[in-house]
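Now for the letters of each chain:
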Amino acid sequence: MKTSKTYPKEYVPSDASTKDVEVRQNLLNAILTSQPKKTVQDKDLFKVMASRRSTRKFDNTRMVEEWKIDKILAAADTAPTAGNFQGFEIFYIRDPKTKEKLVEAANNQPHVNTPVVLVFCKNPSRVKLNFPPEILAKFAIQDATLAAAYSQLAAHALGLSSIWIGMFDEEKVMDAIGTDLKPSSLLCIGYPAQKRGPRSRRKLKDLIHIV
């Protein structure tokens, strides 16, 4: 029995037209493993993690290729979640006016208006586990946070930069994107105006506590 494919409103992965891809897992694998010819991407996970750096200055004249967006969203889909119920939703913002509203909602941070803006929202109603509502809400924010982190690493592996936005007015964000789901973070992605190396971090001996 063939399974029909469904996608969020106005979003269809660029690989979705492939005739032999009929189920979600096959589509996911196709997106994650596909790569246009003559394209270089970093597949060394540890190098990606070590070299990633947040950026606030993007080249807004350079659009992000659709196949890269597909991979970033597919990466979010692979993140671990409580009970594998995926208690989160992703709003992929394309509308310029909505981006402007998000800039205002995020304390007028101009870098929120980038080529790719993803809003990660908590959806505890998806978590079908027998726990109190406050525990389900905790699972949902963890799910959304992990999905955003996977997306951020995927973006860097694809030669892009990003900035994680955690300071915003929840109600204004919800109103801007038209949802009653509370946002956990905004992830703004694009080509950096200038590439910079990673900043120094705490020494592991100061970070790790053995009990």
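Residues numbered from 1 in each chain as written. Predicted model: local features only at pLDDT ≥ 70, side-chain atom pairs only at ≥ 80, totals over all residues. Heavy atoms only, no water.

**A closer look at the confidence of the model for the chain**
Stated formally: For every residue, the predictor states its confidence as a pLDDT score lying anywhere from 0 to 100. Strands are runs of DSSP state E lasting at least 2 residues, helices are runs of H or I lasting at least 4, and numbering of each runs from the N terminus. In this description, contact between two residues means that some pair of their heavy atoms is separated by no more than 4.5 Å.
A residue-level look at the chain finds 82% of positions with pLDDT of 70 or above and a mean pLDDT of 86. Ranking the helices and strands of the chain by mean pLDDT puts helix α6 (residues 170-177) first, with 98, and helix α1 (residues 24-33) last, with 69. Across residues 1-8, where pLDDT falls below 50, the model places 10 contacts with residues more than four positions away in sequence or in other chains.

**Thoughts on the pattern of salt bridges**
To keep it simple, the criterion reads: Each reported salt bridge corresponds to a side-chain nitrogen of Lys or Arg within 4 Å of a carboxyl oxygen of Asp or Glu. Only protein chains enter the accessibility calculation, which uses a 1.4 Å probe. A residue is then buried if its area is under 20% of the maximum for its type, exposed if over 50%, and partly exposed in between.
All chains considered together, the criterion is met by 3 salt bridges. With a closest N to O distance of 4.0 Å, K68 and E65 form a salt bridge. A relative accessible area of 29% means that E65 is categorised as partly exposed. One salt bridge in this structure joins K205 and D206, with 3.4 Å as the shortest N-O distance. A residue is classified by how much of its surface remains accessible, and K205, at 64% relative accessible area, is exposed. A relative accessible area of 40% places D206 in the partly exposed class.

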